[in-house]
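Residue strings, one per chain:
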Amino acid sequence: MPSLTLPLEAPTLADAVALAVREGIAAGELAPDITYSVYQLADLLGISRSPVREGLLRLAEAGLVEIRRNRGFRVLPPRAHDVEEIVEIRLALEPPAARKAAAGTESQHAAIQAALDAMAAAAARDDEAAFWPADRSLHDLLLQAAGNTRAAAIVAQLRSTTALLGPPTTASGRTLSEIHAEHEPVVAAVLARDAPAAEAAMRAHLEATGRLLVANLGAR
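Given the structure is predicted, the values throughout are model-derived calculations rather than measurements. (Residues numbered from 1 in each chain as written. Predicted model: local features only at pLDDT ≥ 70, side-chain atom pairs only at ≥ 80, totals over all residues. Heavy atoms only, no water.)

Caption draft 1: Representation of the overall build of the chain within the structure. Along the chain, the regular secondary structure elements total nine helices and three strands. Going from the N terminus to the C terminus, the chain shows its helices and strands as α-β-α-α-β-β-α-α-α-α-α-α. The globule rule puts the C-alpha radius of gyration for 220 residues at 17 Å, and the 19 Å found for the chain is close to it. For the chain, the spread of C-alpha atoms along the principal axes amounts to about 55 × 35 × 30 Å. Sequence-distant contacts in the chain: of pairs separated by 6 or more residues, those separated by 24 or more amount to 72%. By element, 54% of the accessible surface of the chain is carried by carbon and sulfur atoms, the whole surface being about 10900 Å². (Helix = DSSP H or I, 4+ residues; strand = E, 2+ residues; numbered from the N terminus. Rg over C-alpha atoms; globule rule 2.2 N^0.38 Å. Contact = heavy atoms within 4.5 Å. Areas by Shrake-Rupley, 256 points an atom, 1.4 Å probe, with all protein chains shown as cover.)

In structure tokens:
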């Protein structure tokens, strides 16, 4: 039987299941060539089958498991190509959005600055639990300031999928302060209403992040 731990800090049971299975895959507890049942996983984690099924569906969307109808699920090891695809989509959406965000309202710009300040404060405390929500908020606010709510929803889903595929870039030694520093030129350009600089800075940030995420998967 595999050894899996249900993380208590996850916001929902389905999230906890997805994280437990992801960590089980990374640790080699769940093997690619074995079909596991939903019942087996529910018993192992000590929870009902409904959140297990929901968590597995999220993992299937991320490409980490294959659902086998009436049989269970099979592990699909994460591939660097999955992350490359996600980064490619984000590069198509977020740099142009940063350009448009430069023309946003004063209140939108104030919210963007506040999100960056929250990232800085969390980085100073080395508080990852506060840092990543502020990071997500900043990216979302930039997309919202560009007037593209659909793009914001797509990027939010892509970020959730990326989190399931592997560890964050801090696992490769990148500090929270360094990540915050990559966002500073984006926000500075947006607030200065320098659209080309905002687009270029966002592109540089996403490309750097993508390279590290792919390297992390390769190392594992």
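From this point, the narrative continues.
Caption draft 2: Structural detail: the pairing of strand β2 (residues 65–68). For β2 and strand β3 (residues 72–75), the ladder comprises four bridges, and the chain directions are antiparallel. Pairing of V65 across the sheet is with V75, part of β3. Here β2 folds back onto β3 in antiparallel fashion, the turn holding three residues, of which N70 has a positive phi close to 65°. (Pairing = 2+ DSSP bridges.)

Caption draft 3: Structural context of the sheet that holds β2. Pairing is antiparallel in the open sheet, where three strands are placed in the order β1-β3-β2. Of all strands in the sheet, those bounded by a partner on one side alone are β1 (35–36) and β2. Inspection of the sheet shows β1 paired to β3 by two bridges, in the antiparallel sense. Along β3, the bridge assignment pairs T35 with R74. Strands β2 and β3 of the sheet are contacted by helix α3 (residues 49–62), whose axis makes an angle of about 125° with β2. (Axes fitted to C-alpha atoms, helices over the stretch in contact; angles between N-to-C directions.)

Caption draft 4: Structural context of the pattern of salt bridges. Here the structure, examined in full by the defined rule, presents eleven salt bridges. For R74, the salt bridge goes to E66, with nearest N and O atoms at 3.1 Å. Taking the relative accessible area as the measure of exposure, E66 reaches 31% and is therefore partly exposed. Across the pair E94 and R90 runs a salt bridge whose closest N-O atoms are separated by 2.5 Å. (Salt bridge = Lys/Arg side-chain N within 4 Å of Asp/Glu carboxyl O. Buried < 20%, exposed > 50% of the residue type's maximum accessible area, 1.4 Å probe, protein only.)

Caption draft 5: Quick look at the nonpolar core. In this structure, V21, L41, V52, L59, F131, L138 and L142 are the most contacted members of the largest nonpolar core, which totals 54 residues. If we skip the residues at most four places from it in the chain, V21 touches L30, L41, L59 and V65. Of all hydrophobic cores here, the second largest spans six residues; its members include A97, L143, A146 and V155. (Core = buried A, V, L, I, M, F, W, Y, C linked by side-chain atoms within 4.5 Å.)

Caption draft 6: Looking closely at the packing of helix α6 (residues 128–145) against helix α7 (residues 149–165). Two elements in contact, α6 and α7, have axes whose closest approach is 8 Å; the angle formed by their N-to-C orientations is 155°. The orientation of α6 with respect to α7, classified from their angle, is roughly antiparallel. Crossing of α6 over α7 shows right-handed handedness. Residues W132, D135, R136, H139, D140, L143 and Q144 of α6 form the contact with α7, whose participating residues are T149, A151, A152, V155 and R159. (Parallel < 35°, antiparallel > 145°, perpendicular 65-115°, else oblique. Left-handed = near helix turned anticlockwise from the far one by under 90°.)

Caption draft 7: Fine view of the environment of L30. Note that L30 resides in the loop between α1 (13–26) and β1. Residue class for L30 comes out buried when judged on its relative accessible area of 3%. In sequence terms L30 and A80 are 50 residues apart; their C-alpha atoms lie 19 Å from each other. Dropping the residues within four chain positions of it, L30 is found in contact with P2, L4, V21, G24, I25, Y36 and V75.

The values are spatial; any link to function lies outside them.
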